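In case you want the letters, here they are:
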Amino acid sequence: MLELAQEALRLVQVDPGRAVEVATSAARTARQHEELDAASVAERALGLAAVHLQDLSSATRHLRAAMSLAERGGAVELAAEARMTFAFALNRYGRPQRALSEIGTALHDLSAVGRARGLVQRAAILQQLGRLEEALTDYRAALPALRRSQDLVWVQRALLNRGVLHAFRHAYGPASRDLHEAEQLCERLGLTLPAAFVQENLVLVHRRLGDVPTALAHLDAAERLYRSIGAPLGSLLVERSELLLSVGLFAEAREAAEQAVVAFRRAGRHLSTPEARLLLARTAVLDGEPALAVREARRAVRELARQGRQEWVAQAQCALLLARLEDEAGPRVSPAELRRAADAAQAEGWPATALDMRLLAGRAGIAAGTGGRTRAEGRRQLELVSRCRSRGPASRRAKAWFATALLRDDAGDRSGASAAAARGLRILDEYRGTLAATDLRARVAGLGVDLARLGLHNALAAGSAAQVLVWAERGRARHLLERPALPPADPELTLLMAELRSVVAEEQERRGAGRPVGSLAGRQEALERAIRDATRLRPAAAPVPMPALPDPSELAAALGPVALVEYVELDDVLHAVCVVDGRASLHRLAEMSRICDLVRWLPFAVLRLSRNRTTGASTAAAVALLRRVGDELDQLLLRPLTAELGSRSLVLVPTGVLQSMPWSLLPSASGRPLAVAPSAAMWSAASSRRPVPGPVAVVAGPGLPGAQAEAAQVAALYRAEPVVGAAATVDTVTTALEGASLVHLAAHGTVRADNPLFSSLRLVDGPLTVYDLERLDRDVDTVTLAACESGRAVVLAGDELLGLSATFLSRATRHVVASVVPIPDAATTPLMVAFHRRAAAGAPVAEALASAQEEVMAQHAADAAHGGDRQEAAAFAAAIGFVCIGAGFDPLAPVTPAGLTGAQRGGAGFPRD
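The present account deals with the structure reproduced in this document. Along each chain, residues carry numbers from 1 onward, in the same order as the chain's sequence is written. Side-chain atom pairs in this predicted model are given and counted only at pLDDT of 80 or more, local residue features only at pLDDT of at least 70, and totals for whole chains, interfaces and linings cover all residues. The basis for the side-chain values is all heavy atoms of the structure; hydrogens and waters are excluded.

## Let's talk about the packing of helix α20 (residues 373-386) against helix α21 (residues 394-410)
For step 1, the next point in the chain: At their nearest, the axes of α20 and α21 sit 8 Å apart, and the two run at 145 degrees to each other. In the crossing of α20 with α21, the sense of the turn from one axis to the other is left-handed. From α20, R375, R379, L382, E383, V385 and S386 reach across to α21, where they touch K399, A400, A403, T404, L406, L407 and D410.
For step 2, the next point in the chain: Residues are sorted three ways: Asp, Glu, Lys and Arg are charged, Ala, Val, Leu, Ile, Met, Phe, Trp, Tyr, Cys and Pro are nonpolar, and all the rest, Gly among them, are polar. Split into classes, the residues belonging to the contact of α20 with α21 amount to six nonpolar, two polar and five charged. Every axis in this analysis is a line fitted to C-alpha atoms, fitted for helices over the stretch in contact. Angles between the N-to-C directions lie between 0 and 180 degrees. Segments assigned H or I by DSSP are reported as helices when at least four residues long, segments assigned E as strands when at least two residues long, and all are numbered from the N terminus. Crossings are classed by handedness, with left-handed meaning an anticlockwise turn of the near helix from the far one by less than a right angle and right-handed meaning a clockwise turn. Whether two residues are in contact is decided by their heavy atoms, any of which lying within 4.5 Å being enough.

Following this line, the structure appears as structure tokens:
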């Protein structure tokens, strides 16, 4: 019976659930036969399995029984081994000091090998308490004895824990060596649960090294192992949150931290709960919830203090200060408080946290005044940060260069400050190149916002229009310029995308029929997460080289008679750089907050025009509101530039809320050809791209009134056959997009602010998402999206854009014509037909759109303004919302008959029959 009990103990490391079954049988039989040693081992197996399954009350009951049975049988060493496991459970309960006491008692009754095991377990507890040197001493004493006795299970445990210790000491080479040896032992011994622990700890190592794809791969491997044996995922949720936090995915990181807190509380993991609560505080403050962050950080401080974990208390105090800095309702945080927190974090072994606090303390110190002790202390803190310029992850080096820039700026060395800021941004550009996933690359810009703003501040102070343009470009839409290599063929991702389409299509069908969606919403969420994770796992291939920042003289040559206006915001003031006839000029315009207040009325007014039940009076009021807001925005954005711009066609590079501006609503822009671009560099790259001849595809999606009629009229202009009805599938459309000259898509559009890469167009078999577009082999030259606000991008820090239109631009599409505000889907036909009639005749795309908008608005504006026919109002609203994004001032690429059949032959660039 002893052999069966020992087998149960071994099974705990492989399959805790199966171990419970075997141990229960062994314990029952051993008690019946009064085999006290076997019963003790079986109870220990039950206790240890309960710990791993997070049933800690059962764990202590079984482990107390194990100690009692061994003592009754006179098995002193067996009782000591049970006491060690009891100490392990106590530590999990959040009683580390009591656990250390129990292990100290057990060590006196253990043989050489047993004592080595006890040292490993004591080291693990000391490690959690932050007593790293003591823990390292125990590991060093234990490992030789364990290796001599070939006790490989405990060798693996020691290496696993010591690897984590090395990682916390920033000794990543030794950490990797220990963890990979532990991984090999797990594979050799068939230890599933420890193998999951190894993968989880490799996440920690690679996250700290800044290697996000590798960290994600280990996270995925750990989750598969945990789920294979039904083990809880609390600790893995913590690692997931930390990893997402490191790449600026704050909302996802906060969600994972919240789940970790719940998981640990339910399992009674009192030692881990305050750590997860601390993580939740850090993510909440970055996700714009400072009050929640303050509350969770204070609770973490109290709970960690009660546990006697002073090193974690130091970390929690820093999180509390960060939350208080963002909480306007709370007391002010002084530079001295920040300095003391930084010193405490450094002393307790948190160098990364200390660096962040020193940077904040330094900025606060030099901002406090031009002289005195506070300013001098602020400079000292910045000098400590600046020493990290040449080592550590990219984010740390970028922060160090920012500290250097602040020091130089404070000393009056503006050129030196700008050079340091530029160096920090180059580091982030290089780091972005190591990432393949679009959302990760876009988030890198958030790390460089302060660097770009410092350079921009100095350029504005100098009054140099050329330098303001350069600095605006350094911090704007960088990820769109770095087109990564195509993702490799991935059958698993293909299946996930297909299942997602099926789930979404069924969900929409049920909602349309008024039926409950059941578990479909949860399944959609799970599939979206799986797709995000799968794409983020990809290692970066060599990207297409990023175009150089535009030299104003070269930009002027590319513009020719066209004028460029690049909007720049700093400290709530909007400025504009105009490039006209080779000369750059700088203009201070207005308060950005005033502009934001006006822009927020536009979607509201357009939606009123779109509603089926809108009264005549409401329609007239909406038109009046649009015109009033348009006129006020015109006075703030374009009229001050009239003397500079004249009547020229325009390239507009917006910022912030202006990314969703329906520019044709502004009187100064009405009827004027204009192209909107994420950056001047992006416009320059798009306008210099040679058009490649290709076929035309016109598609109508399901459930959109008037879409098929619109598709038929547009297709007729190009002698093409429209794709409608059951033929309008994702596969058909993605095939049509490959290398097309022009694709017109009339379909319901959805912009996902929560998950921008799941922004989509609705087709017969489900959504066509950004992820689908990223897998195209060849580029489409021009795209028109006759779908509600499909041209609107989700704007991240640094004016990084994610969404349908942004994705097409990053895939080398020259022109995207789409709406940036909610429009009535059924009312786009007049504008689209008018636009395509001009474009098919050879007019430049921006000119064709401006002329079509002027025509449609003139036809329908009067009736809409007087509350006339609802269709008139809807057509007027639809005409307002469209913009030309991209190059703009070139005609469509020539249409080739290749790949077209029958009525599809012919089109722009070829003579008609």
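Additional details are given in the paragraphs that follow.
## A look at the pairing of strand β7 (residues 742-746)
For step 1, the next point in the chain: For each residue, the accessible area found with a 1.4 Å probe, counting protein chains only, is set against the maximum for its type, and the residue is called buried under 20%, exposed over 50%, and partly exposed in between. Here β7 lies mainly inside the structure; five of its five residues are buried.
For step 2, the next point in the chain: Here β7 shows no split at all, with L742, H744 and A746 on one side and V743 and L745 on the other all buried.
For step 3, the next point in the chain: Strand pairing is assigned whenever DSSP identifies at least 2 bridges connecting the two strands. As judged from the five bridges shared by strand β6 (residues 696-700) and β7, these two strands associate in the parallel manner. The residue bridging A700 from the neighbouring strand is A746, located in β7.
For step 4, the next point in the chain: Across four bridges, β7 lies against strand β11 (residues 782-785) in parallel orientation.

## A closer look at the side chain of E200
For step 1, the next point in the chain: Of note, E200 is situated in helix α11 (residues 192-208).
For step 2, the next point in the chain: Although buried, E200 forms no salt bridge, and the nearest oppositely charged side chain, R269, lies 7.5 Å from it.
For step 3, the next point in the chain: Here the side chain of E200 touches S235 through a polar contact of 3.0 Å, side chain to side chain.
For step 4, the next point in the chain: E200 has contacts with A222, Y226, S235, L236 and E239, leaving out every residue within four places of it along the chain. Charged residues are defined narrowly, with Lys and Arg counted positive, Asp and Glu counted negative, and His plus the chain ends left uncounted. The term salt bridge refers to a pairing of a side-chain nitrogen on Lys or Arg with a carboxyl oxygen on Asp or Glu at a separation within 4 Å. Between N or O atoms, a polar contact is any pair within 3.5 Å; within protein, one atom must be a potential hydrogen donor and the other a potential acceptor, and residues adjacent in sequence are included only when both atoms are from side chains.

## So, the pattern of salt bridges
For step 1, the next point in the chain: Applying the stated criterion across every chain yields a total of 52 salt bridges.
For step 2, the next point in the chain: Put simply, R44 and E81 hold a salt bridge, and the shortest N to O gap is 3.0 Å. Of this pair, R44 sits in helix α3 (residues 36-52) while E81 sits in helix α5 (residues 76-92), placing them 37 residues apart in sequence. As far as the burial class goes, R44 and E81 line up, both buried.
For step 3, the next point in the chain: R648 is the partner of D581 in a salt bridge, and the nearest nitrogen-oxygen pair spans 2.6 Å.

## Here we look at the state of the cysteines
For step 1, the next point in the chain: Here, a disulfide means two cysteine sulfur atoms that sit within 2.5 Å of each other. Enumeration according to the criterion identifies zero disulfides in this entry.
For step 2, the next point in the chain: Here C318 stays unpaired: no disulfide links it, and the sulfur of C388, its closest cysteine neighbor, is 15 Å away.
For step 3, the next point in the chain: Counting only cysteine sulfurs, C578 is the nearest neighbor of C596, a cysteine outside any disulfide, at a range of 20 Å.

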